[in-house]
Amino acid sequence: MELITTVALNGAFLISVLALVALGLGVIYGLLGVINMAHGELIAIGGYTAVFVVDQGMPYWLALVAAPIVGMVFGILLESTLISRLTSRPLDAILVTLGLSLVMQQLLKFWFSANPRSVTPPVQGVITILGVNYPVFRLFVTVVAAIMIVAAFLVFSKSTFGLVVRAIFQNRESALTCGVNATSYNRIAFGVGTALAAFAGCLLAPSASVLPTMGIVYIGPAFIAVILGGSSRLLGATAGAAFMGGLEVLGSETISRTWAKVLVLLLAVVLIRMRPEGLLPQKKGRVA
């Protein structure tokens, strides 16, 4: 029973964080058709935002507000100055954003040094759940990430902004002929995607070492989660994250972390080969 509880708690933690990152990727790729190889560095920017805020003597809670704002501003600037020129050249976009990720890593090292930084968890202690002692802060991260994911789905399914974005997802040409300003929506959606990644990095800061390369751990599984779930569906990205995160935690508890990653990746490749449309295939008229 304790093993099941441990797997469930750790799985929920990893899935919630991974789903935030994958949602950001899904929004960017689904709307712009751009594979943002610098998405992992946005996680690091969120982590360093938490470090900076706490170093200035301000509470960590303020960082939870500041990180997505910083991520969104950076994303909007990036889209307006660089990505907007590459939306019709996806291969060039991959190369450019890959180079950008390397530049961002070096800039973060220059500003914050390459030494691991840490943030004191704002919530201390453990809570006993079905006989398992679990850190309260990790539970807090799981709950907050889940709330953010639900909020993102509500925005994309209930708001006017979400309606237009889904229309562009479904048929970009038809949306443009109806007078939709795709440029502004592309910019905002890219900013939303980068804000989700930065928020995930801020949530991770108190429970992980903050490094310029901290996003590498999550960006690979997040990319696969988007592809596995069906890149045109936000719900598919979340389902893919649940698949990747859940099986990795289960494997880590029963075999080893390294072999668990290998087996999950192999299984993901097999599933993508067998179901190229994704775990949740696109239904006509639905994109969220």
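Residues numbered from 1 in each chain as written. Predicted model: local features only at pLDDT ≥ 70, side-chain atom pairs only at ≥ 80, totals over all residues. Heavy atoms only, no water.

## Some remarks on the overall build of the protein
So, step 1. Within the protein one finds 11 helices and 2 strands.
So, step 2. Scanning the protein from its N terminus toward the C terminus, one meets helices and strands in the order α-α-α-α-β-β-α-α-α-α-α-α-α.
So, step 3. Against the globule reference of 19 Å for 288 residues, the protein gives a C-alpha radius of gyration of 19 Å, in line with a compact fold.
So, step 4. Overall size of the protein, expressed as C-alpha extent along the three principal axes, is 60 × 45 × 35 Å.
So, step 5. Scored against the burial criterion, the 288 residues of the protein give a buried share of 45%.
So, step 6. Nonlocal contacts in the protein, meaning residues at least 24 apart in sequence, comprise 76% of its contacts between residues at least 6 apart.
So, step 7. Accessible area of the protein: about 13400 Å², with a carbon and sulfur share of 69%.
So, step 8. Here the protein contributes 17 positively and 9 negatively charged side chains, and the mean placements of these two sets differ by 8 Å. (Helix = DSSP H or I, 4+ residues; strand = E, 2+ residues; numbered from the N terminus. Rg over C-alpha atoms; globule rule 2.2 N^0.38 Å. Buried < 20%, exposed > 50% of the residue type's maximum accessible area, 1.4 Å probe, protein only. Contact = heavy atoms within 4.5 Å. Areas by Shrake-Rupley, 256 points an atom, 1.4 Å probe, with all protein chains shown as cover. Lys, Arg positive; Asp, Glu negative; His and termini not counted. Charge placed at Lys NZ, Arg CZ, Asp CG, Glu CD.)

## Topic: the packing of helix α9 (residues 216-229) against helix α11 (residues 257-274)
So, step 1. The geometry of α9 relative to α11 is characterised by a closest axis approach of 10 Å and an angle of 30 degrees between their N-to-C directions. Considered as vectors, α9 and α11 are oriented roughly parallel to each other. As for the relative orientation of α9 and α11, their crossing is left-handed in sense. Two secondary-structure elements touch here, α9 through I224, I227 and L228 and α11 through L265, A268, L271 and I272.
So, step 2. Considering only residue class, the contact of α9 with α11 consists of 7 nonpolar, no polar and no charged. (Axes fitted to C-alpha atoms, helices over the stretch in contact; angles between N-to-C directions. Parallel < 35°, antiparallel > 145°, perpendicular 65-115°, else oblique. Left-handed = near helix turned anticlockwise from the far one by under 90°. Nonpolar A, V, L, I, M, F, W, Y, C, P; charged D, E, K, R; others polar.)

## A look at the packing of helix α3 (residues 60-81) against helix α8 (residues 182-204)
So, step 1. One can describe the packing of α3 onto α8 by two numbers: an axis separation of 7 Å at closest approach and a directional angle of 145 degrees. Considering how the two elements wind past one another, α3 and α8 form a crossing that is right-handed. Together, Y60, A63, L64, A67, P68, G71, M72, G75, I76, L78, E79 and S80 of α3 and N186, R187, I188, F190, G191, V192, T194, A195, A198, F199, C202 and L203 of α8 make up the contact between the two elements.

## Considerations on the nonpolar core
So, step 1. Judged by nonpolar contacts, the single largest core of 80 residues is most densely connected at L20, Y60, L203 and M244.
So, step 2. Here this core gets 16 residues from one element, more than from any other, and that element is helix α1 (residues 2-32).
So, step 3. Setting aside residues no more than four positions away along its own chain, Y60 makes contact with A50, V54, V119, P122, F137, C202, L203 and P206. (Core = buried A, V, L, I, M, F, W, Y, C linked by side-chain atoms within 4.5 Å.)

## What to know about unusual backbone geometry
Excluding glycine, most residues fall at negative phi; most peptide bonds, likewise, are trans.
So, step 1. Positive phi, normally seen in glycine, also occurs at S113, with a value near 75 degrees.
So, step 2. Among the secondary structure elements, S113 is positioned in the loop between α4 (90-112) and β1 (126-129).
So, step 3. Non-glycine residue L130 carries a positive phi angle of around 50 degrees.
So, step 4. Following the sequence through the fold, L130 ends up in the loop between β1 and β2 (132-135).
So, step 5. You can call L130 exposed: its relative accessible area is 56%.

## Let's talk about α11
So, step 1. With 18 residues, α11 ought to run about 26 Å at 1.5 Å a step, and its terminal C-alpha atoms sit 26 Å apart, in line with that.
So, step 2. For α11, the set of buried residues is A260, V264 and A268. Each buried residue of α11 sits inside an arc of 65 degrees when the element is viewed along its axis, so together they form one side. Of the residues in α11, the exposed ones pointing more than 90 degrees away from the buried face are T258, W259, L266, V269, R273 and M274.
So, step 3. Where α11 is buried, its residues contact α9 and α10 (234-254). (Expected span 1.5 Å × (residues − 1). Arc of directions from axis to C-beta.)

## A look at the confidence of the model for the protein
So, step 1. The pLDDT averaged across the protein works out to 85; a share of 93% of its residues lies at or above 70.
So, step 2. At the level of individual helices and strands, the protein shows its lowest average pLDDT in helix α7 (residues 172-177), which scores 71, and its highest in helix α2 (residues 39-55), which scores 95. (pLDDT = per-residue confidence, 0-100.)

## Side note on the pairing of β2
Residues in a regular strand project their side chains so that they alternate between the two faces of the sheet.
So, step 1. Here β2 shows one buried face, formed by V132 and Y134, and one open face, formed by N133 and P135.
So, step 2. Across 4 bridges, the pairing between β1 and β2 is antiparallel. Considered in β2, the bridge of V126 is made with P135.
So, step 3. Linking β1 back to β2 in an antiparallel pair, the connection comprises 2 residues, with L130 at a positive phi of about 50 degrees. (Pairing = 2+ DSSP bridges.)

## Looking at the packing of aromatic side chains
So, step 1. With the rule as written, the count across this model stands at 5 aromatic pairs.
So, step 2. The ring of F13 carries R138 above its face, with NZ or CZ at 3.9 Å from the centroid. (Phe/Tyr/Trp six-rings, centres within 6.5 Å; stacked < 30°, edge-to-face > 60°. Lys NZ or Arg CZ within 6 Å of the ring centre and 35° of its normal.)

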